[in-house]
Protein chains: 2
Amino acid sequence: MSDTEAPVAVGTLQEVLAALSDPVRLEMVRRMHAAAGPAPCARLYDGVSKSTASHHFKILREAGVTERSVIGGQTHQELRLDDVEERYPGVLRSILSVS
Amino acid sequence: MSDTEAPVAVGTLQEVLAALSDPVRLEMVRRMHAAAGPAPCARLYDGVSKSTASHHFKILREAGVTERSVIGGQTHQELRLDDVEERYPGVLRSILSVS
DNA sequence: GGCTCGGTTCGATGATTATCAAACTGATGT
DNA sequence: ACATCAGTTTGATAATCATCGAACCGAGCC
């Protein structure tokens, strides 16, 4: 079974930038982008504890940058690139394209 | 007389995003962009003390986002849009173009 | 010299925030 | 029922950070 939550509106530009300014979260976002679809949580981070990772996922979701879905009982996270692009054109796209 | 400091290299993407994620600093950057050239410090902020503003200017400079110059004895701040664009194409430009 | 004006630096304080371990929850499997 | 696995929440701690006032500095002016 698949279950996706009703996504919150994309947050303020400040919220989005603050969400992306943490290295752990930016790496999460990069991996979600590479995954190009719902990805299991555990594949999206390294070097921090489960609880810390969950905290960062929450911040990303509350900024409207990602959404959570449950697929076959497992939680997945997914980048809301189109939504963020619609609200702030070019911002997330350029950040992801930069090395 | 005009005196411009040798600008530091543009910082990491994290540093740049962190610098822009503060509302006071983003407003400073917006005003510098509008000024399109060296602008006197006092025109670039509202609602915080002189010392706080100076602190924020420093963070922006250390991230390589702005530079300081002295024109006729007065300190001015200027956006380094071209340098940041060269290092992180699209990032700062898109942030400035967004409402 | 002494004064003001614009900025910076110092030191302190309060608020955020990142982090973890532990307890909890919900689903799956035996 | 029990155990396990994945993720969340809670509570606490440590670190970072924004903010301010006060002291300081350099340039121009009287």
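Thresholds, definitions, all that
- Residues numbered from 1 in each chain as written.
- Chains lettered and ligands numbered in written order.
- Predicted model: local features only at pLDDT ≥ 70, side-chain atom pairs only at ≥ 80, totals over all residues.
- Heavy atoms only, no water.
- Near = heavy atom within 4 Å.
- Polar contact = N/O pair within 3.5 Å; in protein donor to acceptor, adjacent residues only side chain to side chain.
- Helix = DSSP H or I, 4+ residues; strand = E, 2+ residues; numbered from the N terminus.
- Pairing = 2+ DSSP bridges.
- Contact = heavy atoms within 4.5 Å.
- Axes fitted to C-alpha atoms, helices over the stretch in contact; angles between N-to-C directions.
- Nonpolar A, V, L, I, M, F, W, Y, C, P; charged D, E, K, R; others polar.

Caption draft 1: Molecular detail of the protein's contact with DNA strand C. The environment of DNA strand C is formed by 18 residues, the closest being S49(A), T52(A), H56(A), K50(B) and R68(B). A breakdown of the atoms of DNA strand C within 4 Å of the protein gives sugar and phosphate a share of 62%. Within the backbone of S49(A), an N or O atom sits 2.9 Å from a phosphate oxygen of DNA strand C. For the surface near DNA strand C, the element with the highest residue contribution is helix α3 (residues 50–62) of chain A, accounting for 5 residues.

Caption draft 2: View of the sheet that holds strand β2 (residues 39–40) of chain A. Residues and elements named next belong to chain A. As summarised here, the arrangement of the 4 strands in space is β1-β3-β4-β2, forming an open sheet in which the pairing is antiparallel. In this open sheet, the two strands that pair with only one neighbour each are β1 (2–4) and β2. Both β2 and strand β4 (residues 74–79) contribute to a ladder of 2 bridges, which runs antiparallel. What sits directly across from A39, in β4, is Q77. Lying on the sheet, helix α2 (residues 23–35) is in contact with β2, β3 (66–71) and β4; it crosses β4 at an angle near 90°.

Caption draft 3: Focus on the protein's contact with DNA strand D. The immediate surroundings of DNA strand D are formed by 18 residues, with K50(A), S54(A), R68(A), S49(B) and H56(B) found nearest. Backbone sugar and phosphate groups make up 60% of those atoms of DNA strand D lying within 4 Å of the protein. Between DNA strand D and S49(B) there is a distance of 2.8 Å, counted from a phosphate oxygen to a backbone nitrogen or oxygen. One of the side-chain N or O atoms of T52(B) is found 3.0 Å from a phosphate oxygen in DNA strand D. Among the elements of the structure, α3 and β4 of chain A together with α2 (23–35) and α3 (50–62) of chain B are those that each provide at least two residues to the surface near DNA strand D. Broken down by element, the residue count for the surface near DNA strand D peaks at 5 residues, all from α3(B). Partitioning the surface near DNA strand D into residue classes produces 4 nonpolar, 9 polar and 5 charged.

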